[in-house]
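Each chain is listed here by its residues.
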Amino acid sequence: MPNGESSYRRFLTGDDNGIVEIVRDYKDGLIFYLNSFVNNLTVAEELCEDTFVKLAVRKPHFREGSTFKTFLYAIGRNAAIDHLRRNRSDVIAIEELAEVQADRENLERSYIREERKIAVHRAMDTLKPEYRQVLWLTYFEDMSNKETAAVMKKSVHNIETLVYRARIALKKALEKEGFEYEEL
């Protein structure tokens, strides 16, 4: 789970990488959330940008007792409500509803896919280097066991055994984080 609070504190003390980390970690989820208010992906993206600009320029005080995500999403929610108040005449034509719904579903699938990728990469970081390497070459680089064996200077049988053990270790690491991955 990203630690937006520490990134924000670093940003407030002058480290611009803090805001970059916040945008990277929260952008997609915030857009999805804001889209639930405005039912327009383009407007949701603009409101997301506005939220991060407010965070960077106004530097609101983060109150202890809530998570950083709650704090950020509250800023975004307020931006969405302000937008809706200013644009009460915005009515979506019936023809556009199907397109809006399709955009929402695509965004949701994309967000879930990205969250899964992040969880897998985090879990892989906890594995032994040899396991990370064999999984990376086999699944991310799409190498055969023979090619992986050549790269790692091991026998094909050793690679098969490593892949098996690495998959079990990865599955345990993912389950430890509460992630269920049936395809492993």
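Look up a bit, the structure's there.
Treat the numbers as computed from the prediction; the structure is a model and nothing was measured.

The rules behind each value
- Residues numbered from 1 in each chain as written.
- Predicted model: local features only at pLDDT ≥ 70, side-chain atom pairs only at ≥ 80, totals over all residues.
- Heavy atoms only, no water.
- Helix = DSSP H or I, 4+ residues; strand = E, 2+ residues; numbered from the N terminus.
- Contact = heavy atoms within 4.5 Å.
- Core = buried A, V, L, I, M, F, W, Y, C linked by side-chain atoms within 4.5 Å.
- Buried < 20%, exposed > 50% of the residue type's maximum accessible area, 1.4 Å probe, protein only.
- Arc of directions from axis to C-beta.
- Salt bridge = Lys/Arg side-chain N within 4 Å of Asp/Glu carboxyl O.
- Axes fitted to C-alpha atoms, helices over the stretch in contact; angles between N-to-C directions.
- Parallel < 35°, antiparallel > 145°, perpendicular 65-115°, else oblique.
- Left-handed = near helix turned anticlockwise from the far one by under 90°.
- Expected span 1.5 Å × (residues − 1).
- Bend = angle between axes of the 7 residues up to and from the residue.

S.K.: Quick rundown of the environment of Gly18? Include the residues and the values.
M.R.: As for its placement among the helices and strands, Gly18 is situated in helix α2 (residues 17-38). It is 4.2 Å that separates the C-alpha atoms of Gly18 and Ser7, two residues lying 11 residues apart in sequence. Non-local contacts of Gly18, meaning those with residues more than four positions away in its chain, are made with Ser7, Arg10 and Phe11.

S.K.: So what about the nonpolar core? Which residues, and what values?
M.R.: Note that soluble globular proteins tend to have their nonpolar side chains buried in a common cluster. Membership of the largest hydrophobic core comes to 25 residues, with the highest contact counts inside it found for Tyr8, Ile22, Phe52, Leu55, Phe68 and Leu72. Counting residues per element, the ones that place at least two in this core are α1 (4-12), α2, α3 (41-58) and α4 (68-86). Contact partners of Ile22, with chain neighbours within four places excluded, come to Gly4, Ser7, Tyr8, Lys27, Phe52, Leu55, Phe68 and Leu72. Grouped together as the second largest cluster of nonpolar side chains are 18 residues, Leu135, Ala149, Val163 and Ala173 included.

S.K.: Run through helix α7 (residues 145-152), naming residues and quoting values.
M.R.: Because the α-helix completes a turn every 3.6 residues, residues three or four places apart line up on one side. By the burial criterion, the buried members of α7 are Thr148, Ala149 and Met152. Within α7, the buried residues cover an arc of 105° as seen down the axis, which keeps them to one side. The exposed set on the far side of α7, more than 90 degrees from its buried face, consists of Lys146 and Ala150. Residues of α7 that are buried make contact with α6 (129-140) and α8 (156-176). Looking one or two residues past α7, Lys153 carries a phi angle of roughly 55°, positive in sign.

S.K.: Give me the pattern of salt bridges: which residues, what numbers.
M.R.: Should their charged atoms come close, side chains of opposite charge can pair. Inspection of the entire model under this criterion finds seven salt bridges. The residue Lys27 makes a salt bridge to Asp28 at a minimum N-O spacing of 3.8 Å. Shared partners join several salt bridges into a network, and the residues in it are Arg10, Asp15 and Glu21.

S.K.: Residues and numbers for the packing of α6 against α7, please.
M.R.: Contact geometry for α6 and α7: axes closest at 9 Å, N-to-C directions at 135°. The orientation of α6 with respect to α7, classified from their angle, is oblique. In the packing of α6 onto α7, the handedness of the crossing is right-handed. Contacts from Glu130, Gln133, Val134, Leu137 and Thr138 in α6 reach Asn145, Thr148, Val151 and Met152 in α7.

S.K.: Which residues make up α2, and what values do they have?
M.R.: Over its 22 residues, α2 extends 30 Å from the first C-alpha to the last, a length consistent with the 32 Å expected when each residue adds 1.5 Å. The principal kink in α2, of about 50°, is found at Tyr26. Among the residues of α2, those classed as buried are Gly18, Ile19, Ile22, Tyr26, Gly29, Leu30, Ile31, Leu34, Asn35 and Val38. In the segment just after α2, Asn39 is the residue with positive phi, at about 50°.

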